[in-house]
Amino acid sequence: MTDHVDEMVGLCASLATGSIESRDRQRLAEHLAEGCLECEVALADFEQSALLLAASAPSASPSPGLRDRVLQALALPDGSAPAGSAAAGASGASRGGRPSANFSAQVAQMRKRRRGFAPPAWAPFALAGMFGIVAIVSAIVAMFAHGEAGRLHGEVSGNTEVIAALNDQLQQEKTWGAVFTSPDARSGDLRPASQGDLTHGRAVFDPLSRRAIIVFENLTPISNRSFELWAVIDRAPHSLGVIKTDERGNGVLRVENAGDPNRLDGFQVTLEKPGGSAGAAPGPLVMSGRISG
Amino acid sequence: MTAQHDQECLRRVQAGDPQALAQLYDRFTPLLFAVALRILGGMAEAEEAIEETWHHVWRRAAAYDARRSTVAAWLAMIVRGKALDRRRTAGYRAPGAAAAAAATSSGAGEAVMRLGAHERDVLELAYFEGLTESEIAQRSGTDAETVRAWTVAGVTQLRDLMPPGEWL
């Protein structure tokens, strides 16, 4: 992480616990509006920590009549229907009040101002799909114009396959994008086993779908050896397959099922013979890390 | 009940279903009331904060963003804000020390008790007393940078100490 991001992660902690100063709140909103996955994940993590802090308050029960008072009040004219407005002005918008409920609206507004709108992660693929469809339709129209309608059946059938492939690709990206946006997503860093080693990994795990995405840096390929990813479940490693990285050591591994969320402790990477361990015990440890959130 | 079920309930509240709000009330009021009582120190004031909170949830359910936080975290933020506002406007005395002394036997309470003294203090002063970094620094006789470092350490440790699975 850069110093800048380190500082912003600190501000995420202050926001989640409610101690953030107003000037820092504005800076953090601007930073998040630029799009920073690291800070978004950190903020979600820290908000769960704040919830744990809330749950540490000594337990107590309100008077039995409170439930009726609350629910009956909703039937009154001024409380009879939820408002549809998303611009909720919580009373805690004041200093030290609700730490971040209004904050997301602030970030969203900044994003709109910066970019006009905030495209979802799969937007480039949707755009590519649309361009593909437009190009295909244009080609078909051009062929009609040149009296080549006789070839259309074969072309259309081929084009339909292309469109279907693009749609599949779009669907795939949306599915994997949901791992990052899952409200229950857990994450963690994979750190090198040897001191001074520059390898680094970052894992995000969605307990609902059990999908995981692991990003690797500086995991430079070694000739005649393979890197293998393992899920640590109940402290025992379970192979998730061989990791492929480019010549600079960058790579992303998508895992369809990383394991039972109640038993998954984290991930580790080992150095294996070419093609992986093939069921044998794991080789030398390269990096490892726990996931939490 | 799971976080997914909570979100489904909140979606029904957004659609105007009072039964869904009643379900959320039954599930979360013990937690929310404990937070309000910890901040305000009095049963009557805490109950008023709870009433305000659920009224707010009913009217402003559309503001909830499932991509940003869990329902539990969102509700906790609302009740905290309501209770702190009430304490400031009415000039309540902070119940801090007495309430903190009433240790809990819950998993969450144990996790917080396992934090270092500095980390625990800054988190509790921020969350339950609504103090900013500079105010905590002044009270602790240190600087804001140190307070932030303790805050980061505290929430990071809490994250690691979180009980596995559905702990709420």
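Nothing here was measured: the structure is a model prediction, and the numbers come from that model. (Residues numbered from 1 in each chain as written. Chains lettered and ligands numbered in written order. Predicted model: local features only at pLDDT ≥ 70, side-chain atom pairs only at ≥ 80, totals over all residues.)

### A look at the overall build of chain A
Right, so step 1: A count of helical and extended segments in chain A gives seven helices and eight strands.
Right, so step 2: Counting over 293 residues, chain A shows a buried share of 33%.
Right, so step 3: Residue pairs at least 24 apart in sequence account for 65% of intrachain contacts in chain A once pairs closer than 6 positions are excluded. (Helix = DSSP H or I, 4+ residues; strand = E, 2+ residues; numbered from the N terminus. Buried ≥ 20, exposed ≤ 12 C-beta atoms within 10 Å, placed from the backbone. Contact = placed C-beta atoms within 7 Å.)

### A few points about the overall build of chain B
Right, so step 1: If you tally the helices and strands in chain B, you get nine helices and zero strands.
Right, so step 2: In chain B, the succession of α and β elements from N to C terminus is α-α-α-α-α-α-α-α-α.
Right, so step 3: Per-residue burial for chain B yields a buried fraction of 48% across its 168 residues.
Right, so step 4: Across chain B, every contact between residues at least 6 apart in sequence was considered, and the portion connecting residues at least 24 apart equals 67%.

### Some words on the sheet that holds strand 3 (residues 212-217) of chain A
Residues and elements named next belong to chain A.
Right, so step 1: Strand order in the open sheet formed by eight strands is 5-4-7-8-1-2-3-6, and the pairing between neighbours is antiparallel. Both outer strands of the open sheet, strand 5 (236-243) and strand 6 (251-255), are each paired with one neighbouring strand and no more. Mean inter-strand twist for the sheet, computed between neighbouring axes without regard to direction, equals 20°.
Right, so step 2: Pairing between strand 4 (residues 226-233) and strand 5: seven bridges, direction antiparallel. Within the sheet, the bridge partner assigned to F227 lies in strand 5 and is I243. (Pairing = 2+ DSSP bridges. Axes fitted to C-alpha atoms, helices over the stretch in contact; angles between N-to-C directions.)

### A look at the packing of helix 3 (residues 37-55) of chain A against helix 9 (residues 144-161) of chain B
Right, so step 1: Two elements in contact, helix 3 of chain A and helix 9 of chain B, have axes separated by 8 Å at closest approach and are oriented at 80°. Comparing the axis directions of helix 3 of chain A and helix 9 of chain B gives the class roughly perpendicular. In this structure, helix 3 of chain A contributes D45, F46, Q48, S49, L52 and L53 of chain A to the contact, and helix 9 of chain B contributes V155, L158 and R159 of chain B.
Right, so step 2: In terms of residue class, the contact of helix 3 of chain A with helix 9 of chain B is made up of five nonpolar, two polar and two charged. (Parallel < 35°, antiparallel > 145°, perpendicular 65-115°, else oblique. Nonpolar A, V, L, I, M, F, W, Y, C, P; charged D, E, K, R; others polar.)

### Considerations on the packing of helix 2 (residues 18-40) of chain B against helix 4 (residues 71-90) of chain B
Residue and element names in this part refer to chain B.
Right, so step 1: Viewed as axis vectors pointing N to C, helix 2 and helix 4 meet at an angle of 30°, and their least axial separation amounts to 9 Å. Judged by the angle between their axes, helix 2 and helix 4 are roughly parallel. Two packed elements cross with a definite hand, and for helix 2 against helix 4 that hand is right-handed. Contact residues: helix 2 offers F28, L31, L32, V35, A36, I39 and L40, while helix 4 offers A72, L75, A76, V79, R80, A83, L84, R86 and R87.
Right, so step 2: Counted by class, the contact of helix 2 with helix 4 contains 13 nonpolar, no polar and three charged residues. (Left-handed = near helix turned anticlockwise from the far one by under 90°.)

### Quick word on the interface of chain A and chain B
Right, so step 1: Chain A puts 62 residues into the contact, and the matching count from chain B is 74 residues.
Right, so step 2: For the side of chain A that touches chain B, the elements supplying multiple residues, two or more each, are helix 1 (3-17), helix 3 and helix 4 (65-73) of chain A.
Right, so step 3: Here the element with the most residues in the side of chain A that touches chain B is helix 3 of chain A; it accounts for eleven residues.
Right, so step 4: For the side of chain A that touches chain B, a count of residues per class yields 29 nonpolar, 25 polar and eight charged.

### Details of the environment of T175 of chain A
Residue and element names in this part refer to chain A.
Right, so step 1: Along the polypeptide, T175 turns up in helix 7 (residues 152-181).
Right, so step 2: Assessed through the 14 C-beta atoms surrounding it within 10 Å, T175 is described here as partly exposed.
Right, so step 3: Residues T175 and S209 lie 34 residues apart in sequence; the distance between their C-alpha atoms is 9.6 Å.

### A word on the confidence of the model for chain B
Residues and elements named next belong to chain B.
Right, so step 1: Per-residue confidence for chain B gives a mean pLDDT of 87, with 86% of residues at or over 70.
Right, so step 2: Note that pLDDT drops below 50 for residues 97-103; the model gives that stretch seven contacts with residues more than four away or on any other chain.
Right, so step 3: Two numbers describe this predicted complex: its pTM, 0.57, and its ipTM, 0.90. (pLDDT = per-residue confidence, 0-100.)

### Observations concerning the environment of E7 of chain A
Right, so step 1: Relative to the elements of secondary structure, E7 of chain A occurs in helix 1.
Right, so step 2: For E7 of chain A, a count of 16 C-beta atoms within 10 Å corresponds to the partly exposed category.

### Some remarks on the confidence of the model for chain A
Reading predicted coordinates in detail is not appropriate for stretches of low pLDDT.
Right, so step 1: Counting all residues, the mean pLDDT for chain A is 78, and 69% of those residues have values of 70 or more.
Right, so step 2: pLDDT under 50 marks residues 84-98 of chain A. Its contacts with residues more than four places away, or in other chains, come to 42 contacts.

### A closer look at the nonpolar core
Right, so step 1: Residues C12 of chain A together with L32, V35, A36, L75, A76 and V79 of chain B are the most contacted members of the largest nonpolar core, which totals 107 residues.
Right, so step 2: Look past the residues within four positions of A36 of chain B in its chain and what remains in contact with it is A46, A49, I50, V79 and A83 of chain B. (Core = buried A, V, L, I, M, F, W, Y, C linked by C-beta atoms within 7 Å.)

### Looking at the pairing of strand 3 of chain A
All names here are of chain A.
Right, so step 1: The pairing of strand 2 (residues 200-205) with strand 3 spans six bridges and is classified as antiparallel. Each bridged residue has a counterpart across the sheet, and for R202 the counterpart in strand 3 is V215.
Right, so step 2: Between strand 2 and strand 3, which pair antiparallel in sequence order, lie six residues; one of them, R210, sits at a positive phi of approximately 70°.
Right, so step 3: The pairing of strand 3 with strand 6 spans five bridges and is antiparallel. Bridge assignment links V215 to a residue of strand 6, and that residue is V252.

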